[in-house]
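# Remarks on the overall topology
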Amino acid sequence: MTSDIDETFFDRADAMIELANGQLGETTPGKVSASFMYGATRFNAFTAATNFGTAAEMKASRDTLIAYFVKQYQSMLEENIDDFIEQFDSVMYR
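What this report covers is the structure whose coordinates are included nearby. (Residues numbered from 1 in each chain as written. Predicted model: local features only at pLDDT ≥ 70, side-chain atom pairs only at ≥ 80, totals over all residues. Heavy atoms only, no water.)

## Description of the packing of helix α2 (residues 29-49) against helix α4 (residues 62-86)
One way to put it is that α2 packs onto α4 with a least axis distance of 12 Å and a crossing angle of 135 degrees. Taken together, the axis directions place α2 and α4 in an arrangement best described as oblique. Judged by the sense of rotation from one axis to the other, the crossing of α2 with α4 is right-handed. In contact with Met37, Asn44, Thr47 and Ala48 of α2, α4 contributes Leu65, Phe69 and Tyr73. Tallied by class, residues from the contact of α2 with α4 come to five nonpolar, two polar and no charged. (Axes fitted to C-alpha atoms, helices over the stretch in contact; angles between N-to-C directions. Helix = DSSP H or I, 4+ residues; strand = E, 2+ residues; numbered from the N terminus. Parallel < 35°, antiparallel > 145°, perpendicular 65-115°, else oblique. Left-handed = near helix turned anticlockwise from the far one by under 90°. Contact = heavy atoms within 4.5 Å. Nonpolar A, V, L, I, M, F, W, Y, C, P; charged D, E, K, R; others polar.)

Right under this line is the structure:
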């Protein structure tokens, strides 16, 4: 993951995870995850759009934007899956 994260990065992430966890009583983890991912992609598309003056400019960068976000997601997912593997017995309550 990027080494230049700010000091409140994990606080913001934890707040979003807390919101998602709060929805687990209403539906399945898979459905919460799907909504969480959709929300993240929607917000990422919005934040990307704020960097352009026109739709044509954004369209010209479409593939680069997608590659960037996919790479970031994959890196973060790999890091978190590896973390869960290492700590599986202490974090999974069955």
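Further notes follow.
## Observations regarding the pattern of salt bridges
Counted under the stated rule, the structure contains two salt bridges. Notably, a salt bridge pairs arginine 12 with aspartate 6, separated by 2.9 Å at the nearest N-O pair. In this structure arginine 12 comes out as partly exposed when scored by relative accessible area, which is 40%. You can call aspartate 6 partly exposed: its relative accessible area is 38%. Arginine 62 serves as the salt-bridge partner of aspartate 63, at 3.4 Å between the closest nitrogen and oxygen. (Salt bridge = Lys/Arg side-chain N within 4 Å of Asp/Glu carboxyl O. Buried < 20%, exposed > 50% of the residue type's maximum accessible area, 1.4 Å probe, protein only.)

## Some words on a negative patch on the surface
The grouping of Glu78, Glu79, Asp82, Asp83 and Glu86 at the surface amounts to a negative patch. Within the secondary structure, aspartate 83 sits in helix α4. According to the relative accessible area criterion, aspartate 83 is partly exposed, its value standing at 32%. (Patch = residues over 30% accessible without salt bridge, like charges linked within 9 Å, V, L, I, M, F, W, Y side chains within 5 Å. Areas by Shrake-Rupley, 256 points an atom, 1.4 Å probe, with all protein chains shown as cover. Lys, Arg positive; Asp, Glu negative; His and termini not counted. Charge placed at Lys NZ, Arg CZ, Asp CG, Glu CD.)

## Quick word on the packing of aromatic side chains
Tallied over the full model, the rule gives three aromatic pairs. Aromatic pair tyrosine 68 and phenylalanine 69: ring centres 5.1 Å apart, planes at 75 degrees, arrangement edge-to-face. (Phe/Tyr/Trp six-rings, centres within 6.5 Å; stacked < 30°, edge-to-face > 60°.)

## What about a nonpolar patch on the surface?
Together, Met37, Tyr73, Leu77, Ile81 and Ile85 line one region of the surface with nonpolar side chains, adding up to about 480 Å² of accessible area. Here the nonpolar patch gets four residues from one element, more than from any other, and that element is α4.

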